[in-house]
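A closer look at the structure
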Amino acid sequence: MRRTALVIAAALAISSCTINPAAAQVAELRNPQGIAHELLEADRAFAAQAADDTVVAALPAMFDDQVIMPLPTGKFATGKEAAITALRANPANIESKATWAPVRAGLSADGLHGFTYGFMTIRADGKPDARAKYLAYWVKRPKGWQVAAYKRAPSPPGEVQTELRPAILPQRLVPPTRDRHVIETHRASLVAAEKTFSDRAQLIGLGPAFVEFGSPGAMNMGQGPDVLLGNQAIGGVMPPDPKSPVEWAADAGALVASSGDLGVIWGHIRPHVPRPAGQPQASAFFTVWHRASPQAPWRYIAE
């Protein structure tokens, strides 16, 4: 399909010196960079719409019907209605407004899955502005890009890098497939990669495991103002214990692109030592994973 499009484009260029804007736009959306730009524009469009709305109304506008959102209770809000209920449980979401801007995007080779992350400003009457970091995993539906997994965290005072960073892109696009066996094989390999990551951490510690299973382009939300970038930096802030004090798994779900190069898992982190009574005994998390091809090993890219 892409080859045919290139042949047609070449013929048009020979026959006419006039560039058709519509044809140029179609051509742009047939390459990874163009689709990544489309995803960024979708994120920005939702942010623009949010300027005059409350958080509890603005965020669900971009949520997929089956969205998942980790909660402080160690559980997940599963589905748009559950996510809205969870947002309403915090009075600040009802009273405040938010705008945000992505700083990076990633895209699957089938052009139907992607992720963005960036920074958010939260405003409420009579209160100083607050800042947050966010991570969103997107799926492209017939009505456009929708968020399938979402989380945000505080961004305390301090310097952050808000310039747009190079997108994580496949080398080329491939046709999507609906073959359930192919998709399930990709999903199972991703779930297995998460388990292997946890198992490895039990042997060598969190820091070395985060270095081993990450990539130089990986992002971690971190505790500071900005996100942490790169597997070395991420591994460097982990507890120095020779063995991991926690274990985790994709025990709640996984979603993977049909091209098998991008996916998201969600599950629970459990400490080896029980937490005090009244505290959640597990933490809910989700992680975006990426690989160069279905034959390459999975590496986490955003969490």
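We now turn to the structure provided with this report. (Residues numbered from 1 in each chain as written. Predicted model: local features only at pLDDT ≥ 70, side-chain atom pairs only at ≥ 80, totals over all residues. Heavy atoms only, no water.)

It is worth spelling out the overall build of the protein chain at this point. Helices and strands together make up the secondary structure of the protein chain, namely nine helices and twelve strands. Relative to the globule expectation of 19 Å for 303 residues, the C-alpha radius of gyration of the protein chain, 20 Å, shows essentially globular dimensions. Overall size of the protein chain, expressed as C-alpha extent along the three principal axes, is 75 × 50 × 35 Å. Counting across all 303 residues of the protein chain, residues that qualify as buried make up 46%. Residue pairs in contact within the protein chain that sit at least 24 positions apart in sequence constitute 63% of those at least 6 positions apart. Put simply, the protein chain shows about 15,500 Å² of open surface, and 59% of that area lies on carbon and sulfur atoms. (Helix = DSSP H or I, 4+ residues; strand = E, 2+ residues; numbered from the N terminus. Rg over C-alpha atoms; globule rule 2.2 N^0.38 Å. Buried < 20%, exposed > 50% of the residue type's maximum accessible area, 1.4 Å probe, protein only. Contact = heavy atoms within 4.5 Å. Areas by Shrake-Rupley, 256 points an atom, 1.4 Å probe, with all protein chains shown as cover.)

Time to look at the packing of aromatic side chains. For the coordinates displayed, the defined rule picks out eleven aromatic pairs. Here Phe210 and Tyr300 contribute two aromatic rings whose centre-to-centre distance is 5.6 Å and whose plane-to-plane angle is 65 degrees, an arrangement assigned as edge-to-face. Of this pair, Phe210 sits in helix 8 (residues 206–213) while Tyr300 sits in strand 12 (residues 299–302), placing them 90 residues apart in sequence. These aromatic residues form a ring-pair network of at least three members: Phe197, Phe210, Phe213, Trp248, Trp289 and Tyr300. Over the aromatic face of Phe286 sits the side chain of Lys151, whose NZ or CZ is 4.9 Å from the ring centroid. Cation over ring: Arg299 sits above Phe213, and NZ or CZ is 5.6 Å from the ring centre. (Phe/Tyr/Trp six-rings, centres within 6.5 Å; stacked < 30°, edge-to-face > 60°. Lys NZ or Arg CZ within 6 Å of the ring centre and 35° of its normal.)

On to helix 8. One full turn of an α-helix is made of 3.6 residues, so residues set three or four places apart face in the same direction. For helix 8, the complete set of buried residues consists of Leu206, Gly207, Ala209, Phe210 and Phe213. Down the axis of helix 8, the buried side of the element spans an arc of 165 degrees, and every buried residue falls inside it. On the buried face of helix 8, the contacting elements are helix 7 (180–204), strand 7 (214–220), helix 9 (231–236), strand 9 (246–256), strand 11 (283–290) and strand 12. (Arc of directions from axis to C-beta.)

With that settled, consider the pairing of strand 6 (residues 144–154). For strand 6, a buried count of eight out of eleven residues is recorded, marking the element as mostly surrounded by other parts of the structure. Across two bridges, the pairing between strand 1 (residues 63–70) and strand 6 is parallel. Residue pairing across strands places Phe63 opposite Val147, the latter belonging to strand 6. What sits between strand 5 (residues 130–141) and strand 6 in their antiparallel hairpin is a turn of two residues. (Pairing = 2+ DSSP bridges.)

Bringing the nonpolar core into the picture now. The biggest cluster of nonpolar side chains holds 32 residues, and the ones touching the most others in it are Leu59, Met62, Phe63, Trp100 and Tyr150. Those elements giving two or more residues to this core turn out to be helix 3 (32–50), helix 4 (55–58), strand 1, helix 5 (80–88), strand 3 (97–107), strand 4 (113–123), strand 5 and strand 6. Here the element with the most residues in this core is helix 3; it accounts for seven residues. In contact with Phe63, other than residues within four places in its own chain, are Met69, Lys80, Ala83, Leu87, Gln146, Val147 and Tyr150. One finds Phe115, Phe119, Leu135 and Ala149 within the second-largest nonpolar core, a separate group that totals 24 residues. (Core = buried A, V, L, I, M, F, W, Y, C linked by side-chain atoms within 4.5 Å.)

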